[in-house]
Each structure stands twice: as C-alpha cells, then as structure tokens.
Amino acid sequence: MKRALITGVTGQDGAYLAALLLSKGYEVHGLLHRHGGSEAVAERLHRLGCNGTVQMVDGNLIDLSSLIRLLQKVEPDEIYNLAAQSFVRMSWDQPLLTAHVTALGTGNLLEAVRIAAPRARFFQAGSSEMFGRAEGRAQSEASNFHPRSPYASAKVFAHCLVGNYRDAFGLFACNGIMFNHDSPLRGVEFVLRKITDGAARISLGLAKDLSLGNLEARRDFGHSRDYVRAMWLMLQQETADDYVVATGRAASIRDLCRIAFGHVGLDYEAHVRVDPAFLRPADVDVTLGDPTRARERLGWEPETSLEAMIAEMVDADLARWRARAG
Ligand code: GDP
C-alpha cells in the first residue's frame with residue numbers, strides 16, 4: 001500500500017486529492033496546522049466522505065524540525081505540497097506572512113525531504129499567477145514569469161527551489177503550474193464561488209445584489225477534481241518535470257456572472273454591482289494556459305466543462321442555502 005502526505009489537506013484540492021488517493025488504495029496522511037477552531041477544518045473532507053479515513057498529523061510548514069519528524073514517522077512515498085497562504089488579495093496586506101508560508105514553507109519541506117525522505121516523490125502546487133501579465137499567447141512551461149503580487153512572487157521562489165532540488169540533489173520533484181480551479185468546495189473569498197453563492201442567494205430571495213471588483217479580468221478556469229488527477233499523474237511518470245495544468249480556454253468574470261445567473265434564470269446585469277473595494281492594487285488581466293505537455297505526456301484532459309462546473313457549484317449553493325433556511 002502506498003503512503004501519501006498532503007499539506008493543505010483541509011483545502012479544496014486537499015480534499016479532492018485525498019478522495020482520489022483513497023479511491024486508489026493509498027494510505028493518506030494530512031498535515032494539520034492546529035489552531036483554535038480546528039473542528040471546522042475537516043469540513044471539506046467530510047463533504048467528500050473521507051473525513052476519518054485521512055490520518056491527520058500535526059505540523060507546520062514554517063517549522064522545519066516538525067516536518068523532519070513527520071517524514072520520519074510517516075515515511076511517505078508521495079508528498080503533495082498544497083499548503084499556502086493562497087489568497088492573492090490578502091497577500092497585499094500580509095506580504096511577509098505570505099512569503100513565510102508559501103515561499104520559505106516550501107523550502108522547509110524540501111529540506112525535510114532531502115534529509116528524511118529523499119526517495120519520496122514530491123509535488124509542488126504552483127500557480128498561473130506566477131506568469132502575471134500574459135504576453136498575448138497561451139502560457140506554457142517555457143513562458144516567462146512576471147509575478148504581480150506578493151503571493152505570485154512567493155510561488156515563483158518555491159517553483160525555482162523545486163527545480164534546484166531536482167537538479168542538485170536528484171529529488172523526484174515536480175511543479176504543477178495550476179491555473180484557476182474551482183468546485184463547490186472553493187472558499188467564498190474566490191471570485192467564482194462568490195458569484196455562484198451570490199446567484200443562489202439572490203434567486204432564493206435572500207439577497208438583492210452582489211458586489212464584485214474587476215469584471216473584465218479573464219481567467220482559465222477548470223475543476224479541482226480534474227486538476228488533482230493531473231497532480232497524481234505527474235508523480236507516476238518515469239522522470240520528474242514541470243507541467244501547466246489548464247483548460248486552454250479563458251472566460252471573463254462577466255462571463256462567469258452571465259453563466260451562473262443564467263443557470264437560475266436571472267439577468268446578472270440587474271444584480272451585479274462593481275465596488276472599488278474589490279479592485280486590486282495590481283491585477284492580472286488575463287491568464288490562459290497551454291496544457292499540451294500534460295495532454296501529451298500524462299494523457300491528461302479536463303473532463304468537466306466551465307458550464308457544467310458552474311451549474312454544479314450553483315446547485316450546491318442552492319442546496320446549502322435551502323437547507324439553512326430549513
Ligand atoms: P486569483 O486569480 O487566484 O486571484 O483568484 P480570485 O478568484 O481571487 O480572482 C480572480 C479574478 O477575479 C481577479 O482578476 C480578481 O480581480 C477578479 N475579481 C473581480 N471581482 C472579485 C471579487 O469580488 N472577489 C475576488 N476574489 N476576485 C474578484
């Protein structure tokens with residue numbers, strides 16, 4: 001039986017990845033950073049039916065010795081580093097905390113792997129935010145990085161370090177350059193979930209409008225369930241490499257509003273307001289990924305369309321609000 005360790009196991013991707021690995025017969029360990037209110041943290045795992053089957057281990061990415069002890073205890077075959085301070089807007093308010101967790105935290109984990117589990121296979125969750133401004137074309141593994149936020153800068157550091165450890169120490173370490181991906185488990189601080197939640201509340205008469213920021217930004221959006229499959233595939237190859245994980249199609253925030261509100265029979269223009277409070281000091285206008293390498297080498301294809309994902313998310317939000325209303 002293979003053993004996997006997932007950092008960030010309580011997040012959206014952690015939950016989908018844990019469910020995938022459990023379905024493949026893995027023993028799954030999740031790194032849990034305990035703090036007040038930890039009871040709520042396993043909610044996503046619970047929603048996918050794998051709470052209790054993931055073995056939670058205490059530790060923190062910013063504490064190297066806890067990571068070394070953890071790897072010595074778990075002896076994982078595969079390590080998935082999904083933990084991060086991953087909210088771009090918050091990284092402007094807490095840039096150094098973001099660097100600590102997202103950049104140096106990855107450094108700590110790589111050091112721990114090098115010292116205590118050098119044969120383990122390592123996956124690093126990178127982000128399309130690392131590319132920053134798209135230069136007209138879809139972005140591939142060969143595209144340049146122009147990070148435009150403290151979050152993106154921290155992810156670039158982590159990405160480079162993974163390459164350094166692969167080249168210098170021979171670790172089997174892969175970077176996934178993950179474009180935006182969502183699901184009903186996405187936090188409401190992210191735009192698509194905010195929109196599907198807003199459309200659901202408005203259609204049930206629980207709210208009248210929804211305030212958003214930049215409606216013209218365009219993103220390449222996929223489903224988390226598809227994207228965690230790409231992570232797993234990367235670690236099953238003969239050699240370690242970096243892969244863009246994307247759909248190859250970009251939609252504007254306005255398009256998302258149109259599809260989500262349309263799903264409940266509403267016109268988004270009657271309900272969506274632009275509030276400057278949600279604009280960012282610097283935003284990325286468009287991200288569009290070129291997943292050719294993942295398709296050709298991993299045989300990976302996204303299975304869920306944007307429309308199907310948005311429908312799934314709106315329906316889940318409707319069900320949640322209806323249940324809450326009793
Ligand atoms: P990100 O791509 O990782 O930053 O994911 P987000 O979901 O946070 O943001 C995606 C895009 O939506 C960005 O270009 C934001 O500027 C834009 N956006 C527009 N309105 C909002 C909003 O109300 N909340 C968030 N989070 N993003 C918004």
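Please read all numbers here as calculations on a predicted model, not as lab measurements.

Reading the values: the criteria
- Residues numbered from 1 in each chain as written.
- Predicted model: local features only at pLDDT ≥ 70, side-chain atom pairs only at ≥ 80, totals over all residues.
- Heavy atoms only, no water.
- Pairing = 2+ DSSP bridges.
- Helix = DSSP H or I, 4+ residues; strand = E, 2+ residues; numbered from the N terminus.
- Axes fitted to C-alpha atoms, helices over the stretch in contact; angles between N-to-C directions.
- Contact = heavy atoms within 4.5 Å.
- Domains from an automatic or database assignment.
- Buried area = accessible area lost by both parts, 1.4 Å probe.
- Expected span 1.5 Å × (residues − 1).
- Buried < 20%, exposed > 50% of the residue type's maximum accessible area, 1.4 Å probe, protein only.
- Near = heavy atom within 4 Å.
- Polar contact = N/O pair within 3.5 Å; in protein donor to acceptor, adjacent residues only side chain to side chain.
- Areas by Shrake-Rupley, 256 points an atom, 1.4 Å probe, with all protein chains shown as cover.
- Nonpolar A, V, L, I, M, F, W, Y, C, P; charged D, E, K, R; others polar.
- Right-handed = clockwise from strand over helix to strand, strands pointing away.

S.K.: Sorry, what's going on with the sheet that holds strand 3 (residues 55-58) here?
M.R.: Where strands meet in a sheet, backbone hydrogen bonds hold them as pairs that are either parallel or antiparallel. Reading across the sheet, the 7 strands line up as 3-2-1-4-5-6-11 and stay open at both edges, with parallel pairing between neighbours. Two strands close off the open sheet at either side, each with one partner strand: strand 3 and strand 11 (242-245). Neighbouring strand axes in the sheet, compared pairwise and without regard to direction, differ in orientation by 20 degrees on average. Pairing of strand 4 (residues 78-81) with strand 5 (residues 121-127), which is carried by 4 bridges, proceeds in the parallel orientation. Across the sheet, the residue bridging to N81 is Q124, located in strand 5. Here helix 1 (residues 12-23) sits on the sheet and contacts strand 1 (3-7), strand 2 (27-32) and strand 4; the angle it forms with strand 1, its principal contact strand, is near 175 degrees. The strands touched by helix 8 (residues 224-234) within the sheet are strand 4, strand 5, strand 6 (172-178) and strand 11, with strand 6 carrying the most contacts at an inclination of about 160 degrees.

S.K.: What is the right way to read the domain arrangement of the protein chain from this model?
M.R.: Many analyses report the size of an interface as the accessible area lost when the parts associate. Under the domain assignment used here, the protein chain contains domain 1 (3-181 + 222-245) and domain 2 (187-219 + 249-287 + 304-321). Each of domain 1 and domain 2 was reduced to a C-alpha centroid, and the two centroids are 27 Å apart. In this assembly, 20 residues from domain 1 lie in contact with 17 residues from domain 2. Each partner contributes to the roughly 1,700 Å² buried at the junction of domain 1 and domain 2, and carbon and sulfur atoms together form 52% of this total.

S.K.: Teacher, can you tell me more about helix 11 (residues 306-325) here?
M.R.: Since there are 3.6 residues in each turn of an α-helix, residues three or four apart along the chain are aligned in direction. Across its 20 residues, helix 11 extends 29 Å between first and last C-alpha, which sits within 8% of the 28 Å expected from 1.5 Å per residue. Restricting attention to buried positions, one finds in helix 11 the residues L306, M309, I310, A311, M313, V314, D317, L318 and W321. The secondary structure elements touched by the buried residues of helix 11 are strand 7 (181-182), helix 7 (191-203), strand 10 (222-223), strand 12 (251-252) and helix 9 (253-263). Once helix 11 ends, the next one or two residues include G326, with phi positive near 80 degrees.

S.K.: Can you help me understand the site of the ligand in this one?
M.R.: With respect to spatial proximity, 17 residues lie near the ligand, and among them V191, K194, G213, R280 and D283 are the closest. E129 is positioned such that a nitrogen or oxygen atom in its side chain is 2.9 Å from an oxygen atom of the ligand. A total of 540 Å² of accessible area belongs to the ligand in isolation, and the protein chains cover 96% of it. Of the residues assigned to the shell around the ligand, the class counts are 8 nonpolar, 3 polar and 6 charged. When residues of the shell around the ligand are assigned to domains, at least three fall in each of domain 1 (3-181 + 222-245) and domain 2 (187-219 + 249-287 + 304-321).

S.K.: For this particular structure, what's the right way to read the pairing of strand 2?
M.R.: A regular strand places its side chains on the two faces of the sheet in alternate fashion. With 5 of 6 residues buried, strand 2 lies mostly within the body of the structure. Here 5 bridges tie strand 1 to strand 2, and the two strands are oriented parallel to one another. Among the inter-strand pairings, R3 is bridged to a residue of strand 2, identified as E27. Read from strand 1 through helix 1 to strand 2, the crossover connection turns out right-handed. Where strand 2 lies against strand 3, 4 bridges are found, and the strand directions are parallel. Looking across to strand 3, one finds that L31 is bridged to V57.

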